Amino acid sequence: MKKLVFALALIAVASSAFAEKPKKTEEAAVASSDAVVGKWKVDRAKGEDVIWTFSANGSLERHSRNLHEKGKWKRLNDQTPPSYQCELNGGAAVIKVTYSSDPEHLSLHSDDNKTRATAKRFHLK
């Protein structure tokens, strides 16, 4: 009887472990093919451009000459254009991101809608 209970417990643990892997793989595949992945540049006054880097693994970096923040991003919906939520510095800053009518431009605005900016895809020359 003990062997049967042990075998059932082992099967339950193994099946739950395998059930989680496809979900993570699907999420990674969606993120890696997302159009927001890449580098985006926000032109700021005084030549202080800010570069946003969206990585396929869901990580995010925002940096300029005097700033370097790390965070994560996630897609909020499947609408056209899609929208995203970015959390920087452990959620201290939450920024909503959407595509403009041009897929080479993003609209960025803080969670309180007080700060807005536009970014364009950063291409190396």
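Here the structure is a predicted model, which means the values were calculated and not measured.

Draft legend 1. Structural detail: the layout of surface pockets. Put simply, the largest pocket is a space of about 320 Å³. Lining the largest pocket we find 18 residues, and of these Arg44, Trp52, Arg62, Ile95 and Thr115 sit closest to its centre. Among the elements of the structure, strand 2 (50-54), strand 3 (59-64), strand 6 (93-99), strand 7 (105-110) and strand 8 (116-121) are those that each provide at least two residues to the lining of the largest pocket. Tallied by class, the residues present in the lining of the largest pocket amount to nine nonpolar, five polar and four charged.

Draft legend 2. Highlighting the side chain of Asn77. Take Asn77: it is sitting in the loop between strand 4 (67-75) and strand 5 (83-88). For Asn77, the side chain forms a polar contact with the side chain of Ser83, separated by 2.8 Å.

Draft legend 3. A look at the nonpolar core. Ranked by internal contacts, the top residues of the largest apolar core, which has 18 residues, are Trp52 and Phe54. Setting aside its immediate chain neighbours within four residues, Phe54 contacts Val36, Val37, Gly38, Trp40, Ser59, Leu60, Trp73, Cys86, Val97 and Leu106.

Draft legend 4. How the structure looks around the packing of aromatic side chains. Counting across every chain of the model gives three aromatic pairs. Measuring from ring centre to ring centre gives 5.7 Å for Trp73 and Tyr84, while their planes differ by 75°; the resulting arrangement is edge-to-face. One end of the pair, Trp73, is in strand 4; the other, Tyr84, is in strand 5, with eleven residues separating them in the sequence. For Trp73, a relative accessible area of 8% translates into the label buried. Among the aromatic residues, those joined into a cluster by ring pairs are Trp52, Phe54, Trp73 and Tyr84.

Scoring rules and cut-offs
Residues numbered from 1 in each chain as written. Predicted model: local features only at pLDDT ≥ 70, side-chain atom pairs only at ≥ 80, totals over all residues. Heavy atoms only, no water. 1 Å grid on protein atoms, 1.4 Å probe; cavity = no way out; pocket = protein on both sides within 12 Å on 5 of 7 lines; lining within 4 Å. Points joined across faces, edges and corners; volume = space filled by probe spheres on them. Helix = DSSP H or I, 4+ residues; strand = E, 2+ residues; numbered from the N terminus. Nonpolar A, V, L, I, M, F, W, Y, C, P; charged D, E, K, R; others polar. Polar contact = N/O pair within 3.5 Å; in protein donor to acceptor, adjacent residues only side chain to side chain. Core = buried A, V, L, I, M, F, W, Y, C linked by side-chain atoms within 4.5 Å. Buried < 20%, exposed > 50% of the residue type's maximum accessible area, 1.4 Å probe, protein only. Contact = heavy atoms within 4.5 Å. Phe/Tyr/Trp six-rings, centres within 6.5 Å; stacked < 30°, edge-to-face > 60°.

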